Amino acid sequence: MRLIFIVLVMLTAIIQYPLWLGKGGWLRVRELEHMLASQQETNEALLARNAAMQAEVQDLKTGTDAVEERARAELGMIKDGELYVQILSPNEDRKHVTTPVITEKPGN
């Protein structure tokens, strides 16, 4: 009787091994579910970024407002008749201040 019990316990352990630790076991499934959730979050973030970039491209293709805004922000350009004002914080060193060069146009 004792031999049968030992054999049954051994068979149960042999059957349980692939279920828990095998190639398609519970531990591997949990790991893959975690990886899937992480990848889905990454994909959602990338889709949102792509949608924003697509909207910016569309705006740049169709309108001049986006081009003007980008030129002002990145190149510091100003329109004719506008006054450029830069406000410094009290602790900021004046050595880092750069004044944009305004070229005179013929006829002004």
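Residues numbered from 1 in each chain as written. Predicted model: local features only at pLDDT ≥ 70, side-chain atom pairs only at ≥ 80, totals over all residues. Heavy atoms only, no water.

Novice: What exactly am I supposed to notice about the overall build of the chain here?
Specialist: If you tally the helices and strands in the chain, you get three helices and zero strands. For the chain, the N- to C-terminal ordering of α and β elements is α-α-α. Looking at the chain as a whole, 4% of its 108 residues are labelled buried. (Helix = DSSP H or I, 4+ residues; strand = E, 2+ residues; numbered from the N terminus. Buried < 20%, exposed > 50% of the residue type's maximum accessible area, 1.4 Å probe, protein only.)

Novice: Sorry, what's going on with the packing of helix H2 (residues 26-62) against helix H3 (residues 65-75) here?
Specialist: When two helices pack together, their arrangement is captured by the angle between the axes and the distance separating the axes. Orientation of H2 relative to H3, taken along the N-to-C sense of each, is 105°, at an axis distance of 6 Å. When the axis of H2 is compared with that of H3, the two are roughly perpendicular. Counted together, Glu56, Asp59 and Leu60 of H2 and Ala66, Val67 and Arg70 of H3 form the full contact between these two elements. For the contact of H2 with H3, a count of residues per class yields three nonpolar, no polar and three charged. (Axes fitted to C-alpha atoms, helices over the stretch in contact; angles between N-to-C directions. Parallel < 35°, antiparallel > 145°, perpendicular 65-115°, else oblique. Contact = heavy atoms within 4.5 Å. Nonpolar A, V, L, I, M, F, W, Y, C, P; charged D, E, K, R; others polar.)

Novice: Is there a simple way to think about the confidence of the model for the chain in this case?
Specialist: Close reading of the predicted structure is inappropriate where its pLDDT is low. Per-residue confidence for the chain averages 81 on the pLDDT scale, and 85% of its residues sit at or above 70. Summarising per-element confidence for the chain, the mean pLDDT is lowest in H3 (76) and highest in H2 (92). (pLDDT = per-residue confidence, 0-100.)

Novice: Would you mind going over a nonpolar patch on the surface with me for this structure?
Specialist: A cluster of nonpolar residues, Met1, Leu3, Ile4, Val7, Leu8, Leu11 and Ile14, forms a patch on the protein surface that exposes about 770 Å² of accessible area. Note that Ile14 resides in helix H1 (residues 2-21). (Patch = residues over 30% accessible without salt bridge, like charges linked within 9 Å, V, L, I, M, F, W, Y side chains within 5 Å. Areas by Shrake-Rupley, 256 points an atom, 1.4 Å probe, with all protein chains shown as cover. Salt bridge = Lys/Arg side-chain N within 4 Å of Asp/Glu carboxyl O.)

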